[in-house]
Amino acid sequence: MEQGDLAARLDELEIQTALQNELLDSLNSTVARLQKDLDLQQAQLRLLYGRLQEKDGAGGPNQPFNPAAEIPPHY
């Protein structure tokens, strides 16, 4: 191979490496954002579950939750 061919291959490999590093950084930030969203959703779910347990506590601990028994305020 000629020196020019080797330099061209090296340049191409450097470009590919730079693009892969950029992609990895992008994927890393996406995964971090998704983890943050998941943590927030889990906290919200725990809060809702706690509120549901409080409502169930008033009706008895062994009674299953019945959404039909929840009447909206406009009825």
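Residues numbered from 1 in each chain as written. Predicted model: local features only at pLDDT ≥ 70, side-chain atom pairs only at ≥ 80, totals over all residues. Heavy atoms only, no water.

**Focus: the overall build of the protein chain**
Of regular secondary structure, the protein chain possesses one helix and zero strands. For the protein chain, the residues scored as buried account for 3% of the 75 residues in total. In the structure as shown, the protein chain presents an accessible area of about 7,100 Å², 58% of it carried by carbon and sulfur atoms. (Helix = DSSP H or I, 4+ residues; strand = E, 2+ residues; numbered from the N terminus. Buried < 20%, exposed > 50% of the residue type's maximum accessible area, 1.4 Å probe, protein only. Areas by Shrake-Rupley, 256 points an atom, 1.4 Å probe, with all protein chains shown as cover.)

**A short note on a nonpolar patch on the surface**
A cluster of nonpolar side chains, Leu23, Leu24 and Leu27, forms an exposed patch at the surface whose accessible area comes to about 300 Å². Within the secondary structure, Leu23 is located in helix α1 (residues 3-59). (Patch = residues over 30% accessible without salt bridge, like charges linked within 9 Å, V, L, I, M, F, W, Y side chains within 5 Å. Salt bridge = Lys/Arg side-chain N within 4 Å of Asp/Glu carboxyl O.)

**Here we look at the pattern of salt bridges**
Where charged atoms from two side chains of opposite charge come close, those side chains can pair. Counted under the stated rule, the structure contains one salt bridge. We note a salt bridge from Asp37 to Arg33, for which the minimum N-O separation is 3.9 Å. In this pair, Asp37 and Arg33 are both assigned in helix α1, four residues apart and thus about one turn of the helix distant. Overall, Arg33 belongs to the partly exposed group, its relative accessible area being 47%.

Bear in mind that shape data such as this cannot, by itself, settle questions of function.
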